Amino acid sequence: MEKILEVQGLKKIFKLSAKQQKIEKTKEKTKRAVNDLSFTAYRGEVFGLLGPNGAGKTTTLRMLATLIRPDAGDAVLDGSSVMKEPEAVRGKIGFLTSELKLEEFFTPNYLFDFFSDLHGVPEENKKRRKEQLFSRFGIDKFAEVKVGNLSTGMKQKVSLVISLVHDPDVIIFDEPTNGLDVLTAKVVTDFLADLKTQGKTIIVSTHIFNLIEKICDRVGIIIDGRMVLCDSLEAVCAGKSLEERFFELYEEKVGEIV
Amino acid sequence: MRSNMLTIIKKEFARFFGDRRMVFTTILMPGLMIYILYTFMGKGMMGQFATDDTYVAQAYVENMPDELAPVLNELSAEWKESPGMDAAKNAVAAKEADLLLVFPADFSAAVAEYKVSDGPAPNVEIYYNSTATESAKLYNMVKSVLDSWEDSITNKFDVNAGSGAYDLASEKDAAGQLFAMLLPLLLMTFLFSSCVSVAPESIAGEKERGTIATLLVTPMKRSSLALGKIISLSVIALLAGLSSFLGTMLSLPNLMAGSGAELDASVYGVADYVLLLGVIFTTVLVLVALISIISACSKSIKEASTANAPLMILMMGVSLTTMFGGGGEKNLGLFCIPVYNSVHCMYGIFSFQYTLAQMIMTIVSNLVCAFLLTWVLTKLFNSEKVMFAK
């Protein structure tokens, strides 16, 4: 199998403000969000990052998307280093997270063209891809409606489509079904399965066991910024359900769940 | 890089010009409001000092000297014998009469015999009411008549007594002087206000709404984003600033009509306007870049607007330097200080006292400064601490 993403000793430390120290109930001035994290993803597979809130999943994905810079370590994505060639990395990935918002003044149609231009998508590909994706998600019905007037589900569909304007080989999704109604969540899950059949590599972070069991080939379990287990779904589960295995591991590493 | 920069410029224009309300409030309204406000103020001032030509003032007089009676009777006033000092003063205070003029007894003889070495001269008292326009007008006329009469009886020599034009300044220079005194401060205020109305919305606003992260995750270089934002915002701010400038130029003649000053913007030639536009555009680039940096460091539009307030005060302070300290700057070296150079270039253009070296120095130093500030903005776009501060 061809490696497409190799993460080596990724580390990220955040400074905590007085307010954050209060919220986290700690006197420490820094927080190790990601600690010496390493894993590999192979071309065409769906790799799931599983962990509780605050485990470091989102921080890891943000480092892979070059939105934030690792304090140590590196990740090489399809031959490009996130530390040395962030622009090249951004050109190769599609990144979707709830913190990326679309300008509410514009229509999905305008935004698709705008982001296609920023990704340098040729005019003929742009038109074809827009038709394909808009029709797949039913966006053509509200393509000329301003984003501000769309429902949360519609906005999520548009965000998903915008993240894929350039038909990237590696797709990084952070909690893709969070906050979505069951119907839109199903559309997104089905689409991820579709992308897998197209041979795309998908890195997805979630705390929804069902989503991982449904679409992932391999799983990495992150607890407190560390990768505690990374293997194929079957090997991780070891004959149990993913949920059972996760809580076993959690109790082993952190202690009893209160 | 160029193509991404153009894409950002197009998007910023689409965002701004696609919103009719924003175009109206940012570009059209300031110019229109300034025109209406200045015209209204001009008309108000004219109205305050205007008097009814057919009005015959009611005036009281005590001990009117015979030689002054014919001159005073020529004024548009009906002179009556005073009913007594207190009664006459009360009538003037109550606006029932316009003036009380009191000559000392034997005024003519006292004046004829008076020598400077005698001490205080005979005193004429004129009581009037400054809050009544007609009373104030009659006071000025009577005082003028008495001053002229005094000059005529003690005349030793005259200064500029003939009807010739003694002020040799051309009308063009006089108008230029007036424009130079008023416009640099006004223009800088308009330009700064225009920049503040667009830059925080576009940069701090995008941060606040979370849309800047969507841009930062594309392969576009941060420098393209910074340049695209600064150029597009500068063009919009320039349009807004020009609207205010146009409103001012068109309404200044109305505002100053009461003062008798001749203000005509056609005293300036095409070259003057082209230079002015060059100075204004490069100034806007510097201002937009400065405000963009402040906005990038702010978490919200509100925070950015507050943080920009001290800059506004500084800008006003620098703009005032043309009003005090003898006008335009002569030291060429000081024309490399952004904003200060712009203010003094504007003064120079309006007063026809600029040199080409000053203009070139200003435009080049403003461009260099804008370039450096764009570099800083690029660094800020690259900084996760700045862009994703919570």
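This section reports on the structure supplied with the text.

The rules behind each value
- Residues numbered from 1 in each chain as written.
- Chains lettered and ligands numbered in written order.
- Predicted model: local features only at pLDDT ≥ 70, side-chain atom pairs only at ≥ 80, totals over all residues.
- Heavy atoms only, no water.
- Helix = DSSP H or I, 4+ residues; strand = E, 2+ residues; numbered from the N terminus.
- Rg over C-alpha atoms; globule rule 2.2 N^0.38 Å.
- Buried < 20%, exposed > 50% of the residue type's maximum accessible area, 1.4 Å probe, protein only.
- Contact = heavy atoms within 4.5 Å.
- Areas by Shrake-Rupley, 256 points an atom, 1.4 Å probe, with all protein chains shown as cover.
- Lys, Arg positive; Asp, Glu negative; His and termini not counted.
- Charge placed at Lys NZ, Arg CZ, Asp CG, Glu CD.
- Buried area = accessible area lost by both parts, 1.4 Å probe.
- Salt bridge = Lys/Arg side-chain N within 4 Å of Asp/Glu carboxyl O.
- Axes fitted to C-alpha atoms, helices over the stretch in contact; angles between N-to-C directions.
- Left-handed = near helix turned anticlockwise from the far one by under 90°.
- Nonpolar A, V, L, I, M, F, W, Y, C, P; charged D, E, K, R; others polar.
- 1 Å grid on protein atoms, 1.4 Å probe; cavity = no way out; pocket = protein on both sides within 12 Å on 5 of 7 lines; lining within 4 Å.
- Points joined across faces, edges and corners; volume = space filled by probe spheres on them.
- Pairing = 2+ DSSP bridges.
- Phe/Tyr/Trp six-rings, centres within 6.5 Å; stacked < 30°, edge-to-face > 60°.

## What to know about the overall build of chain B
So, point 1. Helix and strand counts for chain B stand at 14 helices and four strands.
So, point 2. In terms of overall dimensions, chain B is more spread out than a globule: its C-alpha atoms have a radius of gyration of 31 Å, far above the 21 Å expected for 390 residues.
So, point 3. In terms of overall dimensions, chain B has a C-alpha envelope of 100 × 45 × 35 Å along the principal axes.
So, point 4. Looking at chain B as a whole, 46% of its 390 residues are labelled buried.
So, point 5. Put simply, 75% of the contacts in chain B that link residues at least 6 apart link residues at least 24 apart.
So, point 6. Within the structure as shown, chain B displays about 19,700 Å² of accessible surface, and the carbon and sulfur contribution to it stands at 63%.
So, point 7. With 26 positive and 34 negative side-chain charges, chain B shows a separation of 29 Å between the mean positions of the two kinds.

## Some remarks on the interface of chain B and chain A
So, point 1. On the chain A side, the residues contacting the 25 residues of chain B number 25 residues.
So, point 2. Roughly 2,300 Å² is buried in total at the junction of chain B and chain A, and carbon and sulfur atoms are behind 62% of that figure.
So, point 3. A per-residue breakdown of the area chain B buries against chain A is headed by Val217, Pro219 and Glu384 of chain B, which together make up 26% of the total.
So, point 4. In this structure, the connection of chain B to chain A is made through four salt bridges.
So, point 5. A salt bridge links Lys221 of chain B to Glu87 of chain A; the shortest N-O distance between them is 3.2 Å.

## A closer look at the packing of helix H7 (residues 171–209) of chain B against helix H12 (residues 340–350) of chain B
Residue and element names in this part refer to chain B.
So, point 1. Across the interface, H7 lies against H12 with an axial gap of 8 Å and an inter-helix angle of 145°. For the pair H7 and H12, the sense of crossing is right-handed. Within the contact between the two elements, H7 uses Gly176, Gln177, Phe179, Ala180, Leu183, Pro184, Leu187, Met188 and Leu191 and H12 uses Val343, Met346, Tyr347 and Phe350.
So, point 2. In terms of residue class, the contact of H7 with H12 is built from eleven nonpolar, two polar and no charged.

## Comments concerning the environment of Leu28 of chain B
All names here are of chain B.
So, point 1. Along the chain, the position of Leu28 falls in helix H2 (residues 20–49).
So, point 2. The partly exposed category is assigned to Leu28, whose relative accessible area is 49%.
So, point 3. Between the alpha carbons of Leu28 and Ala240 there is a distance of 7.4 Å; along the sequence they are 212 residues apart.
So, point 4. Apart from residues lying up to four places away in sequence, Leu28 is in contact with Val23 and Ser243.

## Re the layout of surface pockets
Residues and elements named next belong to chain B.
So, point 1. One number sums up the size of the second largest pocket: a volume of about 510 Å³.
So, point 2. Taken together, the elements giving at least two residues each to the lining of the second largest pocket come down to helix H5 (107–113) and helix H6 (133–154).
So, point 3. No other element matches H6, which puts seven residues into the lining of the second largest pocket.
So, point 4. The residue makeup of the lining of the second largest pocket, split by class, is eleven nonpolar, one polar and three charged.

## Some words on unusual backbone geometry
Generally, phi is negative for residues other than glycine and the peptide bonds are trans, each holding for most cases.
So, point 1. Its identity is not glycine, yet Asp167 of chain A carries a phi of approximately 50°, on the positive side.
So, point 2. Within the fold, Asp167 of chain A resides in the loop between helix H6 (152–162) and strand E7 (170–174).

## Description of empty space enclosed by the protein
So, point 1. Inspection of the entire model under this criterion finds two cavities of 30 Å³ or more.
So, point 2. One number sums up the size of the largest cavity: a volume of about 160 Å³.
So, point 3. If you trace the largest cavity, you find 16 residues lining it, with Phe95, Ile162 and Ser163 of chain A together with Thr214 and Val217 of chain B closest to the centre.
So, point 4. Where the lining of the largest cavity is concerned, the elements lending two or more residues are strand E6 (93–96) and H6 of chain A.
So, point 5. When residues of the lining of the largest cavity are assigned to their parent elements, the largest contribution, four residues, is made by E6 of chain A.
So, point 6. Residues belonging to the lining of the largest cavity are distributed by class as follows: eight nonpolar, seven polar and one charged.
So, point 7. Of the voids in this model, the second largest cavity is the one considered here, and its volume is about 60 Å³.

## As for the pairing of strand E1 (residues 3–15) of chain A
So, point 1. In terms of strand pairing, E1 of chain A meets strand E2 (residues 30–42) of chain A through nine bridges, oriented antiparallel. Residue pairing in the sheet places Lys3 of chain A in a bridge with Tyr42 of chain A of E2 of chain A.

## Some words on helix H4 (residues 108–118) of chain A
So, point 1. Burial within H4 of chain A is extensive, with eight of its eleven residues counted as buried.
So, point 2. All of the buried residues along H4 of chain A are Pro108, Asn109, Leu111, Phe112, Phe114, Phe115, Ser116 and Leu118 of chain A.

## Thoughts on the sheet that holds E2 of chain A
Residue and element names in this part refer to chain A.
So, point 1. Judged by pairing direction, the sheet is antiparallel, and its four strands sit side by side in the order E2-E1-E4-E5 without closing on themselves. Every interior strand has two partners, whereas the edge strands, E2 and strand E5 (80–81), have only one.
So, point 2. Against the sheet, helix H2 (residues 57–64) makes contact with E1, E2 and strand E4 (72–77), and its axis sits at roughly 120° relative to E1, the strand it touches most.

## Thoughts on the packing of aromatic side chains
All names here are of chain A.
So, point 1. Taken as a whole, this structure holds 21 aromatic pairs over all chains when the rule is applied.
So, point 2. Centroid distance Phe39 to Phe47: 4.7 Å. Interplanar angle 10°. Geometry classified as stacked.
So, point 3. By relative accessible area, Phe39 is classed as buried at 4%.
So, point 4. Where Phe112 meets Phe134, the ring centres are 5.5 Å apart and the plane angle is 80°; that geometry is what we call edge-to-face.

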